[in-house]
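Residues per chain are reported as follows:
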Amino acid sequence: MSSTIEQLDAKRAAARAGGGQKRIDAQHAKGKLTARERLTVLLDKGSFEELDMFVEHNCADFGMAGQVIPGDGVVTGSGTINGRLVFVFSQDFTVFGGSLSERHAQKICKVMDMAMKVGAPVIGLNDSGGARIQEGVASLGGYAEVFQRNVLASGVVPQLSLIMGPCAGGAVYSPAMTDFIFMVKDSSYMFVTGPDVVKTVTNEVVTQEELGGAVTHTTKSGVADVAFDNDIEALLAARDFIDFLPESNRSPVPERPTADAWDRLEPSLDTAIPANTNQPYDMHEVIRKTVDEGDFFELQPAHAGNILIGFGRIEGRTVGVVANQPMVLAGCLDINSSKKAARFVRFCDAFDIPIITFVDVPGFLPGVAQEHSGIIKHGAKLLFAYGEATVPKITVITRKAYGGAYDVMASKHLRGDLNYAWPTAEIAVMGAKGAVEIIFRGKTPEEIAERTAEYEARFANPFVAASKGFIDEVIQPHSTRRRVALGLRKLRGKVLENPWKKHDNIPL
């Protein structure tokens, strides 16, 4: 018996050693943690239970029969984050460069299948050189098996990807189908084809970081959500982030005790809107003064800054927040901001997370480039997302709500449950000056000025919309948190279903 236990201990030691000390040292020299060290940071102490530690590859070609390492380049299992169950896989770059084999893929699929069965989030730590070339099409089949799980798990359990090293070729599509992507600056990258292929095909010279680094994907492409300085920061942020998410689409939003009074008043919000309607202000202030303890986990903060998205809490319960940002492009909706917000709204709806929308939008961004790039279809994504959402929706119009953008931003007409406006709200087809110049074309400048003042007095306020029932109440800014909290209490038992369908056909 003792020899058997010793044999087990030896096998476990071999699996935990991964590719050996030399490769572990090389990983550390790059400023990166190993696969197991990452799980130690991510999960509660002592909670990790590993599965498939002794799995080995089944490839006999190209000398692979003599290169067998237990675990086959990925560590899989389950653990807890702040006491809540999660399933994890962590690719081990020290073993065959973290490359994906058939058995490697099977390990990942197994934990994803279990996560869907029991209803728990999946967190993938990606650090892989791609498909294992020696296995040929078998490794490609493995990728497709993982992709299929991503599709089936979408909207069933939250999926979070942390890119902590290379992620290229077919490997990028699994993270792309997950709900959120975190990256690490200077040590992670994602691209379909690398710099060498790009240079060969298009003659463009570009570095890995410029082509698909963390900064590129969190600013230009919007592929990733947040970029962190190192592995530790990314993993600790993931712990905080998972705390906002329900365990599955069958679970309620998590609750966290808070000492922040639900009826707290914020007198400073009464002066948040500048007297000059063209002067910007920071919508972050409004959000942080509304949610519990000012705690707002913003997503994609460096991409499409004209709209803000992220999670906060009201009375300890998670809410999703969408808000126009007047500091960037005056808060106009454009292609990138519409896509950014639409996907976030759909995630919240899939997991029954109430949506709070703060509106200050002068319209859609004009321009030839926007039209030719399809702003009509991309803008419709946000409209569609809000229109199909059945979760509690509370909207607060702080200042401008003009034109079609008023409709799109969770208006009463898109089944908004509670639509509030501050006294500073202006709800109209367009701004006063532009409207008057169209209606009274050909009039003298003096007449235009007079009519503009008349139009402003008539429409540059929330009361016309309120008189038609499009606004439920004009509220004092300082009572915004109290109104939102009361609204969420009322809406906890909300039941609303869309007509039966196999699935919708959102404009993509």
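Quick look at the structure, then. Within every chain, residues take consecutive numbers counted from 1 along the sequence as written. Given that the model is predicted, a residue must reach a pLDDT of at least 70 before its local features are reported, and side-chain atom pairs must reach 80 or more before they are shown or counted; all residues, however, enter totals for whole chains, interfaces and linings. Hydrogens and water are ignored here; the side-chain numbers use all heavy atoms of the structure.

**So, the overall build of the protein**
Then, number 1: Scanning the protein from terminus to terminus reveals 19 helices and 17 strands.
Then, number 2: Computation of the radius of gyration draws on C-alpha atoms, with the globule rule given as 2.2 Å multiplied by the number of residues to the power 0.38. The C-alpha radius of gyration of the protein comes to 26 Å, within 12% of the 23 Å expected for a compact globule of 508 residues.
Then, number 3: Structurally, the protein occupies a C-alpha span of about 95 × 55 × 45 Å along its principal axes.
Then, number 4: Each residue gets one of three labels from its accessible area relative to the maximum for its type: buried under 20%, exposed over 50%, partly exposed in between, using a 1.4 Å probe on protein chains only. A total of 508 residues make up the protein; the buried ones form 53% of that total.
Then, number 5: Residue contacts follow a heavy-atom distance rule, with two residues in contact if any of their heavy atoms lie within 4.5 Å. Across the protein, contacts joining residues at least 24 apart in sequence account for 74% of those joining residues at least 6 apart.
Then, number 6: Per-residue and other accessible areas follow the Shrake-Rupley method at a 1.4 Å probe size, with only the shown protein chains counted as cover for residues. When the accessible surface of the protein is split by element, carbon and sulfur atoms take 56% of a total near 22600 Å².
Then, number 7: Charged-residue counts in this description rest on Lys and Arg as positive and Asp and Glu as negative, His and the chain ends being excluded. Taken as the charge centre is NZ of Lys, CZ of Arg, CG of Asp or CD of Glu, depending on the residue. Averaged over its 54 positive side-chain charges, the protein has a centre that lies 3 Å from the centre of its 61 negative ones. Helix numbering and strand numbering both begin at the N terminus, where a helix is a DSSP run of H or I of at least 4 residues and a strand a DSSP run of E of at least 2.

**Focus: unusual backbone geometry**
Then, number 1: In this model, Asp-52 sits at a positive phi of 60°, which is unusual for a non-glycine residue.
Then, number 2: Relative to the elements of secondary structure, Asp-52 occurs in the loop between strand S1 (49-51) and strand S2 (74-81).
Then, number 3: Phi angles above zero are rare outside glycine, and Ala-304 is one such case at about 50°.
Then, number 4: Structurally, Ala-304 is set in the loop between strand S10 (297-299) and strand S11 (307-314).

**Quick notes on the packing of helix H12 (residues 335-350) against helix H14 (residues 375-388)**
A packed helix pair is summarised by two numbers, namely the angle formed by the two axes and the spacing between the axes.
Then, number 1: Lines are fitted to the C-alpha atoms to define the axes, a helix being fitted only along its stretch in contact, and any angle between axes, read from their N-to-C directions, falls within 0 to 180 degrees. Close contact between H12 and H14 brings their axes to 8 Å; oriented N to C, the two are set at 20°. Judged by the angle between their axes, H12 and H14 are roughly parallel. Note on packing geometry: the crossing formed by H12 with H14 is left-handed. Counting all contacts with H12, which are made through Ile-335, Ser-338, Lys-339, Ala-341, Ala-342, Val-345, Arg-346 and Asp-349, the residues of H14 involved are Ile-375, His-378, Gly-379, Lys-381, Leu-382, Ala-385, Tyr-386 and Glu-388.
Then, number 2: Residue composition of the contact of H12 with H14, by class: eight nonpolar, three polar and five charged. Working rule for angles: under 35 degrees goes down as roughly parallel, over 145 as roughly antiparallel, 65 to 115 as roughly perpendicular, anything else as oblique. By definition, turning the near helix anticlockwise from the far helix through less than a right angle yields a left-handed crossing, and turning it clockwise yields a right-handed one. Following the grouping adopted for this structure description, the nonpolar residues are Ala, Val, Leu, Ile, Met, Phe, Trp, Tyr, Cys and Pro, the charged ones are Asp, Glu, Lys and Arg, and the polar ones are all others, Gly among them.

**Considerations on the sheet that holds strand S9 (residues 226-228)**
Then, number 1: Each pair of strands is called paired provided DSSP finds at least two bridges between the two strands. Across the sheet, seven strands lie side by side as S1-S2-S3-S4-S5-S7-S9; this open sheet has mixed pairing. Every other strand in the sheet has two partners, leaving S1 and S9 as the edge strands with one partner each. Across the sheet, the mean angle separating the axes of adjacent strands is 20° when strand polarity is ignored.
Then, number 2: Bridge count for strand S4 (residues 122-126) against strand S5 (residues 159-163) is five bridges, and the pairing is parallel. Bridging across to S5, Gly-124 finds its partner in Ser-161.
Then, number 3: This element, helix H3 (residues 35-42), spans S1, S2, strand S3 (84-91) and S4 of the sheet and lies at about 160° to S3.

**Concerning the pattern of salt bridges**
Then, number 1: By definition, a salt bridge exists where a carboxyl oxygen of Asp or Glu is found within 4 Å of a side-chain nitrogen of Lys or Arg. Using the criterion set out here, one finds 24 salt bridges in the structure.
Then, number 2: Across the pair Asp-295 and Arg-313 runs a salt bridge whose closest N-O atoms are separated by 3.3 Å. One end of the pair, Asp-295, is in the loop between helix H11 (283-288) and S10; the other, Arg-313, is in strand S11, with 18 residues separating them in the sequence.
Then, number 3: Note that Asp-360 is salt-bridged to Arg-399, the shortest N-O span being 3.0 Å.

**With respect to the side chain of Ser-78**
Then, number 1: As for its placement among the helices and strands, Ser-78 is situated in strand S2.
Then, number 2: If we skip the residues at most four places from it in the chain, Ser-78 touches Ser-47, Phe-48, Glu-49, Leu-85, Val-86, Phe-87 and Val-88.

**Digging into the state of the cysteines**
Then, number 1: Throughout, a disulfide means two cysteine sulfur atoms within 2.5 Å of one another. Within this structure, the stated rule accounts for zero disulfides.
Then, number 2: For Cys-109, which is in no disulfide, the shortest distance to another cysteine sulfur is to Cys-167 and amounts to 16 Å.
Then, number 3: Cys-109 gets classed as buried once you look at its relative accessible area, which sits at 5%.

**With respect to helix H5 (residues 137-153)**
Then, number 1: For H5, with 17 residues, the first-to-last C-alpha span of 24 Å sits near the 24 Å given by 1.5 Å per residue.
Then, number 2: Among the residues of H5, those classed as buried are Ser-139, Gly-142, Tyr-143, Val-146, Phe-147, Arg-149, Asn-150 and Ala-153. End-on view of H5: buried residues confined to an arc of 160°, all on one side of the axis. Exposed and facing more than 90 degrees away from the buried side of H5 are Val-137 and Leu-140.
Then, number 3: For H5, the secondary structure elements touched by its buried residues are helix H4 (102-118), S5 and helix H6 (173-177).
Then, number 4: Phi turns positive, to about 80°, at Gly-155, one or two residues after H5. To estimate the expected span of a helix, count its residues, drop one, and scale the result by 1.5 Å. To obtain the arc, one takes the directions from the helix axis to the C-beta atoms.

**Comments concerning the nonpolar core**
Then, number 1: Grouping buried Ala, Val, Leu, Ile, Met, Phe, Trp, Tyr and Cys residues that are joined through side-chain atoms within 4.5 Å yields what is termed a nonpolar core. If you look at the biggest cluster of nonpolar residues, it comprises 64 residues, and the most contacted ones within it are Leu-42, Ile-123, Leu-162, Phe-182, Leu-299, Phe-311 and Val-322.
Then, number 2: Every residue in contact with Ile-123, bar those within four places of it in the chain, is listed here: Leu-42, Ile-81, Val-86, Phe-87, Val-88, Phe-89, Leu-160, Leu-162 and Ile-242.
Then, number 3: One finds Ile-108, Met-116, Tyr-143 and Phe-147 within the second-largest nonpolar core, a separate group that totals 28 residues.

**Focus: helix H16 (residues 432-439)**
Then, number 1: Buried residues of H16: Ala-432, Ala-435 and Val-436, and no others. Down the axis of H16, the buried side of the element spans an arc of 95°, and every buried residue falls inside it.

**Focus: the side chain of Ser-99**
Then, number 1: Mapped onto the secondary structure, Ser-99 falls in the loop between S3 and H4.
Then, number 2: Setting aside its immediate chain neighbours within four residues, Ser-99 contacts His-104, Ser-128, Gly-129, Gly-130, Ala-131 and Arg-132.

**Side note on the environment of His-28**
Then, number 1: Along the chain, His-28 falls in helix H2 (residues 21-29).
Then, number 2: Looking at His-28, its side chain comes within polar contact range of the side chain of Glu-37, at 2.9 Å. We define a polar contact as two N or O atoms separated by no more than 3.5 Å, with the added condition that, inside protein, one atom must be a possible hydrogen donor and the other a possible acceptor, whereas residues neighbouring each other in sequence contribute only through side-chain atom pairs.

**Considerations on the environment of Asp-229**
Then, number 1: Turning to its location among the elements, Asp-229 is positioned in the loop between S9 and helix H10 (231-242).
Then, number 2: Separated by 44 residues in the primary sequence, Asp-229 and Lys-185 have C-alpha atoms spaced 5.3 Å apart.
Then, number 3: Once residues within four sequence positions are removed from consideration, Asp-229 is found in contact with Val-184 and Lys-185.
Then, number 4: Reaching out from Asp-229, the side chain makes a polar contact with the side chain of Lys-185 at a distance of 3.4 Å.

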